[in-house]
Amino acid sequence: MSSLVARLRLRSGTTSSDRFIYWLAVPLALILLIYIVIPMFATARTSLDGGTGNYAGFFGGNSGRALGLSVGISVVSVITTGVIGTALAVLLTRFDFPGRNVLRLFAMLPMALPPLIGAVSFYFLYAESGIVPRFLAQYFGADPSAVSANGVLGVLLVHTMTMYPYFYLAVASGLAGSDASMEEAALNLGASRFTMWRTVLLPMLTPALVSGALLTFMVSMASFTAPQFYNVQTLTMQIVASRTSGAYELAAAQSTVLSIVSILFLLAMRWYQNRRVHRSASKGTPQAVKVLHGTLPRVSAGIGSALLVLILMAPAAVIVLLAFTVDGSWTVQILPSEYTLGNFERIFTDPSTLRPILVSSQMAFIAMIACAVVGVLASWVVTRWKGPGKGLLDVMVMIPWALPGTVVGVNLVTAFASPSPFNLGQVLIGSLWILPVAYFVRFLPLVFRSANAALAQIDPSVEEAARNLGAGSWRVLRTVTVPLMYRGILAGALMAFIQGFGEYVASVVIYPARFAPLSVEIYNRIYSNEFGTAAAYGALQMGLILIVLIISQRLENPRAGGIAALLRRRRRPTVETPLVGPIPSSATPLPIPAPEPAAPDLKPVK
Amino acid sequence: MTRVLLESLEKRYPGAAPSVSDLDLTIQDGEFFTLLGPSGCGKSTTLRMVAGFIAPTRGRILFNDRDVTNTAPNRRDTGMVFQNYALFPHMSVRANVGYGLSVRRTPRAEKNKRVDRALQQVGLERYADRRIDMLSGGQQQRVALARALVIQPSVLLLDEPLSNLDAKLREETRAEIRGTQKAAGITSIYVTHDQAEAMAMSDRVAILESGRLHQVAPPREVYHRPATSFVARFIGRSNVLPCTVLAIGSDTVDVRLEDGSLLRAPRVAGTPSWLAAVGDQAAVSLRPEAFTMSVQHGAPSLPEAGELEGTVKTAEFTGAVNVYEVDWNGTELVVSVPDAEDRAQPGDRVILAPHPARVWLVAP
């Protein structure tokens, strides 16, 4: 095998005889095959057990309706998040008004909500028995069912309020990068403000809008938590329902259809990104921010932003509030009436309450280590590999990013149910090991991407210099490449850890009965009306996420004049050396216009 | 003690003209050898093949008798100075310079001694514990040089190491590199597109264009006896005029220019004038300073054989010399003559008499 690859490489003739990369690529490909690709095919094969019956009735029956519902909800979600995200971005980048900076901060808050906790908080806020409808009923005599968000509407509300950051970030960075003199040129040529927006700004924002839309659509299709809380029978819900009722083949068929849709979107996104023409990097006039003048506009803007801040922080606030309530004390009141510190105390003292935290933290930690090792190696191989097959490896790593958590769960359960040569005889069902495996599969793309971003910052000639000084490939990786990447790796790994710590969607399909992970326990506690304990778990998670976000921020923006700055200053295009040509496409971050490479934008797959 | 041998070296990328084709070169032990040419001529590709970062499509690379064509870069024992220096940004100056020695498992005491000496050599002993990004461009350049030299490589490779420095620093560093190399006696291959750099530093220069070798010779020979019209134009300024070989004498070659003028060039062994045959298409290279120019006042005298007649288009005083553009049958000739009382003005008719020894026949 390796001699074949060596020959291939000699023919493509890119670097000297050095087989190191293949020693990494082969085990890497094996890991990806066993844990990502083969499970996917195992599910597809199971769906065909007993013929094509599961597909024949697909579009007519429940599954078809569920698929339609999923698509419908996703389309509407794209529209609502698009409107809100774009409006917020324009407002916050182009206007100055009282409360702007606070609003800016809180606009990112949904990023800090763990997926399950997000759905929970919206349910407690806006569902028929939620705080807002009760408040309106009591003080304004409104009919709670008329002023609450239930069913599909509830799902859409959760989607809109948790996914708008995709659009917000994309459009904000698009607007920030645009050159004011271009807009001035349009106005100078006689365009009205409206025409200017339509003909100049909107076309420029198209890439951002398309990426935002594709991403939102994918994430909505994968959404499971919100439909579960509002009992909306989307395709993800149907999959779990089929499994619960023992219709494994049907569940497999539904998973396969959902996988295909998701992977098509992943490919569409990659295609769109590669096709995209880069904007001219003209450094023009900085954007002028419109300052609001006059008392009335300023006061109303202040009130408006205060209201917005209130709405944006309400979900997090509700969780914190509930974390201090006595379990079972909140029934029909607007707000809970009895408060205690006991929930937090119990978490750390009562073994049965502490156990889910231990399970989740340990499993997430194992997954994090695996993600870091495999993610970094994968990123290095994909970036530095000049031969054929690199695109395939890239896609293999990124597939789990597109797959809904539910599907990842079903795939693993199907592939590791009984020993077979394809899973190397491993049976993971009923074992704790299936959890870190699932977390590893789901969050590998996170580390991979942030490692890619870190690697893109490293000048390949630095590695060559080490080779030239006599270091072997492994030593170069160990003493030069990885140390230079460590900020990116650490940021990605921490992100993978908190994601694994709060993972719900795949966990709920695969967790071993005696060891419920944290998120499943949260759901169980809510189910048995122990809101206080559930919220305390959630508050803990939010605290953890906040800490990780702050650390990541520090890691991404090291002190001025640090490594990144040095490399930026030194990188000059060398026209003559083909090896230091354009950075391979996989090294550029995915189209998610995140402010930093490790932005938690993969998170809200509900 | 290393002689570098390139044998029929070739590098092709699929679907493109060869980056380097059929290159044969011998670089002598201790020699400072320069690969010179414009962007895309294949000089960097050649250097990277010697370093082992690019595998040749065909041909061999030998260090003395050792075939290193398929040797990994880390086993070639070359020291390379990169265009952007490629210093390790996460290490101190000392750690950068010591990296190669650590890899070679040099005992700590010896390593420290050698690193200190190398830093002293480049005048950076006071900066040993600085971070790389706290150094200026010139200092970084010297760290890169020290890092490559401290391992006492068998071959030193320099890939446009001065191109990121400003003009003044470049000239200083030029002499420093040359001095250090001579002192260490290391066989060196230097890549540059800057002919002044190549002329000032090299023992020999190889001139490449589109992957093809045009000439290998010491700097003075490259300047005075260019092998091809490309070399004549690339090194310094030259008027390259197409011609036909008319007659071959024992130590001269007579040629006819396109307008019928006759010129006589010296015939020198081992140059195009030696290989030319009667009837061949060739070219003569005439340096701007190879002419004596006389202004035709009043009644024009006819040019004699070996002289060219033209009209001054522009005259530029540059100090020591006057530079004229002279229209000669629609071809523009550049002529520079020492400043004198008798200056030509635009519109003047002039007769240009090339110095016989400086009419140089080149391959077209």
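Residues numbered from 1 in each chain as written. Chains lettered and ligands numbered in written order. Predicted model: local features only at pLDDT ≥ 70, side-chain atom pairs only at ≥ 80, totals over all residues.

A. Fine view of the overall build of chain A. A tally of regular secondary structure across chain A gives 25 helices and two strands. Within chain A, the proportion of its 606 residues that are buried is 49%. Here the analysis covers contacts within chain A between residues at least 6 apart in sequence; of these, 80% occur between residues at least 24 apart. (Helix = DSSP H or I, 4+ residues; strand = E, 2+ residues; numbered from the N terminus. Buried ≥ 20, exposed ≤ 12 C-beta atoms within 10 Å, placed from the backbone. Contact = placed C-beta atoms within 7 Å.)

B. Layout of the sheet that holds strand 20 (residues 360-362) of chain B. Residues and elements named next belong to chain B. Sheet architecture is open: five strands sit in the order 13-12-11-14-20, paired in antiparallel fashion. Whereas interior strands pair on both sides, the edge strands pair on one side only; in this sheet they are strand 13 (262-266) and strand 20. On average, adjacent strands in this sheet sit at an angle of 45° to one another, irrespective of strand direction. Sheet analysis places strand 11 (residues 239-248) next to strand 14 (residues 281-286), joined by six bridges and oriented antiparallel. Bridge pairing links Val240 to Ser285 in strand 14. (Pairing = 2+ DSSP bridges. Axes fitted to C-alpha atoms, helices over the stretch in contact; angles between N-to-C directions.)

C. Here's a closer look at the sheet that holds strand 5 (residues 66-67) of chain B. Residue and element names in this part refer to chain B. Pairing is antiparallel in the open sheet, where four strands are placed in the order 2-1-4-5. Looking along the sheet, the strands with just one partner apiece sit at the ends: strand 2 (20-27) and strand 5. Where strand 4 (residues 58-63) and strand 5 come together, two bridges link them in antiparallel fashion. Across the sheet, Phe63 pairs through a bridge with Arg66, a residue of strand 5.

D. Here's a closer look at the domain arrangement of chain B. All names here are of chain B. Each assigned domain of chain B is listed here: domain 1 (4-224), domain 2 (229-285) and domain 3 (288-355). Here domain 2 and domain 3 have C-alpha centroids that lie 21 Å from each other. Counting residues at the interface gives seven residues for domain 2 and eight residues for domain 3. Residue contributions to the side of domain 2 that touches domain 3 peak at three residues, all from strand 13. Along the lines of polarity and charge, the residues of the side of domain 2 that touches domain 3 split into two nonpolar, two polar and three charged. (Domains from an automatic or database assignment. Nonpolar A, V, L, I, M, F, W, Y, C, P; charged D, E, K, R; others polar.)

E. Quick peek at the pairing of strand 4 of chain B. Sheet analysis places strand 1 (residues 4-11) of chain B next to strand 4 of chain B, joined by five bridges and oriented antiparallel. Bridge assignment links B:Glu7 to a residue of strand 4 of chain B, and that residue is B:Arg60.

F. Main features of the confidence of the model for chain B. All names here are of chain B. Residues of chain B with pLDDT of at least 70 account for 99%, and the chain-wide mean is 90. No element of chain B has a lower mean pLDDT than helix 9 (residues 272-275), which averages 80, and none a higher one than strand 3 (residues 32-36), which averages 96. The ipTM, which scores confidence in the relative placement of chains, is 0.83 for this predicted complex, and the corresponding pTM is 0.78. (pLDDT = per-residue confidence, 0-100.)

G. Here's a closer look at the packing of helix 17 (residues 390-402) of chain A against helix 19 (residues 434-456) of chain A. Residue and element names in this part refer to chain A. Running from N to C, helix 17 and helix 19 cross one another at 120°; their axes reach a closest spacing of 7 Å. Of the possible angle classes, the one that applies to helix 17 and helix 19 is oblique. Classified by chirality, the crossing of helix 19 by helix 17 is left-handed. Contacts between helix 17 and helix 19 involve Val397, Met398, Pro400 and Trp401 from the first element and Val441, Arg442, Leu444, Pro445 and Phe448 from the second. For the contact of helix 17 with helix 19, the class distribution of residues is eight nonpolar, no polar and one charged. (Parallel < 35°, antiparallel > 145°, perpendicular 65-115°, else oblique. Left-handed = near helix turned anticlockwise from the far one by under 90°.)

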